[in-house]
Amino acid sequence: MAGWTHREIVERRGWLTDDEFLKTLTVAQIMPGANPVNLAVYIGLKLRGVAGACIALFGMVLPAFGVILTMSVVYQQLRSHPEAQAVLRGLACVGIASSLTMGIKTARRLKGHALPIAMAVAVFLMVGVMRWSLVVVVAGAIPVSVAATFWIEREKARG
């Protein structure tokens, strides 16, 4: 979803710059709730104020609610069929590929800073490979990320 949102918001419509989008996406990811909804609410707020944020919220939540409700009814009817399970496994692969694609696109925009890339790789290894708790890893990564950002910005200011 983030990849599609980037293409629409930054590349096609030009509502945000790459830098603004990445900062917004970062905030959306640490806020409670679904990242795409948080992103939409921020963009709605930026473009049309409180009314835009409300419309973005309802525009993201209501259709998704309807689709999820419909899909749950269909799943109840089809869950015993092996074909349905195969389709769900395939969709899981699509979700993983989509997340990886967005991660790669985001990594390309890090402008060569080794520290953020190292942080992303470390979190991936700890959570994805070593199976550490996501909450514990993120709780540890937050202060390190904040310190790294201050260090990078300080180095930029020095020239």
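For the structure itself, consult the block above.
Residues numbered from 1 in each chain as written. Predicted model: local features only at pLDDT ≥ 70, side-chain atom pairs only at ≥ 80, totals over all residues. Heavy atoms only, no water.

Caption draft 1: Inspection of a nonpolar patch on the surface at higher detail. On the surface, a cluster of nonpolar side chains totalling about 670 Å² of accessible area is made up of I117, V121, F124, L125, V129, M130 and W132. Here W132 is to be found in the loop between helix 5 (114-129) and helix 6 (134-158). By relative accessible area, W132 is classed as partly exposed at 46%. (Patch = residues over 30% accessible without salt bridge, like charges linked within 9 Å, V, L, I, M, F, W, Y side chains within 5 Å. Areas by Shrake-Rupley, 256 points an atom, 1.4 Å probe, with all protein chains shown as cover. Salt bridge = Lys/Arg side-chain N within 4 Å of Asp/Glu carboxyl O. Helix = DSSP H or I, 4+ residues; strand = E, 2+ residues; numbered from the N terminus. Buried < 20%, exposed > 50% of the residue type's maximum accessible area, 1.4 Å probe, protein only.)

Caption draft 2: Just the environment of R48, in detail. Inspection of the secondary structure assignment puts R48 in helix 3 (residues 35-78). As a C-alpha pair, R48 and G140 span 92 residues in sequence and 36 Å in three-dimensional space.

Caption draft 3: Molecular detail of the nonpolar core. Counting nine residues, the largest nonpolar core consists of I9, V10, L16, F21, L25, A28, L39, I43 and M102. Elements supplying a minimum of two residues to this core: helix 1 (2-12), helix 2 (18-30) and helix 3. Ranked by residue count, the leading element in this core is helix 2, at three residues. Sequence-distant contacts of M102, defined by excluding residues within four places in its chain, comprise A2, G3, F21 and L25. (Core = buried A, V, L, I, M, F, W, Y, C linked by side-chain atoms within 4.5 Å. Contact = heavy atoms within 4.5 Å.)

Caption draft 4: Seen up close, the pattern of salt bridges. What the rule picks out here adds up to six salt bridges. Close ionic contact of E8 with R12 constitutes a salt bridge, the shortest N to O distance being 2.7 Å. With E8 and R12 both in helix 1, this residue pair falls four residues apart, about one helical turn. In this structure E8 comes out as buried when scored by relative accessible area, which is 12%. Using a relative accessible area of 58% as the deciding quantity, one classes R12 as exposed. A salt bridge links E20 to K46, with the nearest nitrogen and oxygen atoms 3.7 Å apart. Here K46 lies in helix 3 and E20 lies in helix 2, a separation of 26 residues in the sequence. Here the salt bridges share partners, and the residues they tie into one network are E8, R12 and R13.

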